[in-house]
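Each chain is listed here by its residues.
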Amino acid sequence: MELKAEELRLVAIRRRATQLAVALVTEPFSADTHAQLRSYVRDADEAQVLVREVLALPPARLRERIAELTRSKSVQGEVTA
């Protein structure tokens, strides 16, 4: 089971959000943290659209896709986008 392009993008944005959260706590005033924040804000709108698309799936299909992804080894590896 391979991740779809939209799923890969959403996972990548989510991972960056987590990294940003850590940076905001550990180095809130660094230039790198500022750059990460600006980059994330640009991608946050796209993430909102992608999440709405996922949540718009019929409940049975959403549960099925979650089960597929949970069983998939591709999800457990590093995802970059």
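Bear in mind the structure is a predicted one, so any value in this text is a computation, not a measurement.

(A) The arrangement of the overall build of the protein chain in detail. Within the protein chain, the regular secondary structure consists of three helices and zero strands. Secondary structure elements of the protein chain occur, N-terminal to C-terminal, as α-α-α. Within the protein chain, residue pairs in contact and separated by at least 24 positions form 69% of the contacts whose partners lie at least 6 positions apart. Surface accessibility of the protein chain: about 6,000 Å² in total, with carbon and sulfur atoms responsible for 60%.

(B) Summary view of the packing of helix H1 (residues 5–26) against helix H2 (residues 31–55). Closest axis-to-axis distance for the H1/H2 pair is 9 Å, and the angle between their directions is 140°. Comparing the axis directions of H1 and H2 gives the class oblique. H1 and H2 meet at a crossing whose hand is left-handed. In this structure, H1 contributes Glu-6, Arg-9, Leu-10, Ile-13, Arg-16, Ala-17, Gln-19, Leu-20, Ala-23 and Leu-24 to the contact, and H2 contributes Thr-33, Gln-36, Leu-37, Ser-39, Tyr-40, Asp-43, Glu-46, Ala-47, Leu-50, Val-51, Glu-53 and Val-54. Of the residues that constitute the contact of H1 with H2, the class distribution is twelve nonpolar, four polar and six charged.

(C) Layout of the side chain of Glu-7. Here Glu-7 shows up in helix H1. In this structure Glu-7 comes out as buried when scored by relative accessible area, which is 15%. At 2.9 Å, the side chain of Glu-7 and the backbone nitrogen of Lys-4 are in polar contact.

(D) Focus on H1. For H1, which comprises 22 residues, the first-to-last C-alpha distance of 32 Å matches the rise-based estimate of 32 Å (1.5 Å per residue) to within 8%. Of all the residues in H1, the buried ones are Glu-7, Arg-9, Leu-10, Ala-12, Ile-13, Ala-17, Leu-20 and Ala-23. On its buried side, H1 packs onto H2 and helix H3 (59–71).

(E) Inspection of the pattern of salt bridges at higher detail. Summed over all chains, the structure comprises five salt bridges. Linking Glu-7 and Arg-65 is a salt bridge whose minimum nitrogen-to-oxygen distance equals 2.5 Å. Of this pair, Glu-7 sits in helix H1 while Arg-65 sits in helix H3, and the two are 58 residues apart along the sequence. Neither residue differs from the other here; Glu-7 and Arg-65 are each classed as buried. The residue Asp-43 makes a salt bridge to Arg-16 at a minimum N-O spacing of 2.3 Å. Taken together, the positions of Asp-43 in helix H2 and Arg-16 in helix H1 put the pair 27 residues apart, joining distant regions of the chain.

Basis of the calculations
- Residues numbered from 1 in each chain as written.
- Predicted model: local features only at pLDDT ≥ 70, side-chain atom pairs only at ≥ 80, totals over all residues.
- Heavy atoms only, no water.
- Helix = DSSP H or I, 4+ residues; strand = E, 2+ residues; numbered from the N terminus.
- Contact = heavy atoms within 4.5 Å.
- Areas by Shrake-Rupley, 256 points an atom, 1.4 Å probe, with all protein chains shown as cover.
- Axes fitted to C-alpha atoms, helices over the stretch in contact; angles between N-to-C directions.
- Parallel < 35°, antiparallel > 145°, perpendicular 65-115°, else oblique.
- Left-handed = near helix turned anticlockwise from the far one by under 90°.
- Nonpolar A, V, L, I, M, F, W, Y, C, P; charged D, E, K, R; others polar.
- Buried < 20%, exposed > 50% of the residue type's maximum accessible area, 1.4 Å probe, protein only.
- Polar contact = N/O pair within 3.5 Å; in protein donor to acceptor, adjacent residues only side chain to side chain.
- Expected span 1.5 Å × (residues − 1).
- Salt bridge = Lys/Arg side-chain N within 4 Å of Asp/Glu carboxyl O.

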